[in-house]
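Fold and geometry: a report
Read off the chains here:
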Amino acid sequence: YFRPSKFAPFWAMWFALGANMHTAFCIPGSMGFYYLHGVAFTAHWVWTVGTAMIFMYLVGPRMHLLSSKYGHVTLSEMIGDFYKSKGLAAFVAIFISIVNIAYFTANTIGPATLLSFGLGGLIPYEWAVLIIVVIVMGYAVPFGFRSVFYTDILQGAVMLLATWGAAFFVLSMFNWNTW
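Residues numbered from 1 in each chain as written. Predicted model: local features only at pLDDT ≥ 70, side-chain atom pairs only at ≥ 80, totals over all residues. Heavy atoms only, no water.

A tally of helices and strands in the chain yields seven helices and zero strands. The helix and strand sequence of the chain, counted from the amino end, reads α-α-α-α-α-α-α. Of all 179 residues assigned to the chain, the portion counted as buried reaches 27%. Within the chain, contacts between residues at least 6 apart in sequence are counted, and of these 58% link residues at least 24 apart. (Helix = DSSP H or I, 4+ residues; strand = E, 2+ residues; numbered from the N terminus. Buried < 20%, exposed > 50% of the residue type's maximum accessible area, 1.4 Å probe, protein only. Contact = heavy atoms within 4.5 Å.)

For the rest of this paragraph, the subject is the side chain of Ser147. As for its placement among the helices and strands, Ser147 is situated in helix α7 (residues 145–173). Among the polar contacts listed, one links the side chain of Ser147 to the backbone oxygen of Tyr139, at a separation of 3.0 Å. In this structure Ser147 touches Tyr139 and Ala140, once residues within four positions along its chain are discounted. (Polar contact = N/O pair within 3.5 Å; in protein donor to acceptor, adjacent residues only side chain to side chain.)

What follows deals with the packing of helix α3 (residues 75–82) against helix α4 (residues 86–99). Running from N to C, α3 and α4 cross one another at 155°; their axes reach a closest spacing of 7 Å. Accordingly, the angle class assigned to the pair α3 and α4 is roughly antiparallel. In this structure, α3 crosses over α4, and the sense of that crossing is right-handed. Side by side, α3 and α4 meet where Ser76, Ile79 and Gly80 of the first sit next to Leu88, Ala89, Val92 and Ala93 of the second. Across the contact of α3 with α4, the residue classes tally to five nonpolar, two polar and no charged. (Axes fitted to C-alpha atoms, helices over the stretch in contact; angles between N-to-C directions. Parallel < 35°, antiparallel > 145°, perpendicular 65-115°, else oblique. Left-handed = near helix turned anticlockwise from the far one by under 90°. Nonpolar A, V, L, I, M, F, W, Y, C, P; charged D, E, K, R; others polar.)

With that settled, the discussion passes to α7. The terminal C-alpha atoms of α7 lie 42 Å apart, and with 29 residues this matches the ideal 42 Å at 1.5 Å per residue to within 8%. Considered for burial, the residues of α7 that qualify are Ser147, Phe149, Asp152, Ile153, Gly156, Met159, Leu160, Thr163, Ala167 and Leu171. (Expected span 1.5 Å × (residues − 1).)

Taken together, the side chains of Phe91, Ile94, Phe95, Ile98, Val99 and Ile101 define a hydrophobic patch exposed on the protein surface, amounting to about 620 Å² of accessible area. Sorting elements by how many residues they give to the nonpolar patch places α4 first, with five residues. Look at Phe91 and you get exposed, because its relative accessible area is 53%. (Patch = residues over 30% accessible without salt bridge, like charges linked within 9 Å, V, L, I, M, F, W, Y side chains within 5 Å. Areas by Shrake-Rupley, 256 points an atom, 1.4 Å probe, with all protein chains shown as cover. Salt bridge = Lys/Arg side-chain N within 4 Å of Asp/Glu carboxyl O.)

None of this, on its own, says anything about what the molecule does.
Quick look at the structure:
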């Protein structure tokens with residue numbers, strides 16, 4: 001969605017997509033990946049982000065032209081219009097919403113857990129969830145999708161630094177021995 005609107009430069013797309021890929025795939029499975037592959041985890045950005053960006057830079061502008069020409073706002077509208085089926089459009093919209101439930105949940109539960117347990121239980125977990133939801137609504141509702149994009153850029157930069165920092169820290173604990 002970022003690239004088709006043509007307002008995102010390459011570096012911003014890289015950080016934003018990196019944050020999305022990291023949240024969607026790496027947070028749920030990162031411990032197993034670290035255990036199996038070690039510091040190779042730090043290279044996940046190359047293929048996960050690179051693949052998504054190649055797709056978005058090749059297909060994104062074409063999708064933007066089609067959506068502008070026919071007035072589509074969502075991918076489900078585009079698919080439904082192409083196949084001339086409102087039922088298919090509704091199915092795609094519902095399907096995409098359902099498969100993203102885990103992603104949305106991880107984006108709420110993760111920060112709430114950090115907030116609650118990071119403060120030693122000073123804030124109850126239920127209140128931490130509510131605080132995170134209110135914060136997200138506070139910037140997403142008035143400022144729209146671009147505010148989410150800018151948040152993703154910041155999150156991507158922090159995640160990249162933290163991942164590489166953790167890798168270097170662990171390597172330094174073992175005298176830089178990778179065997």
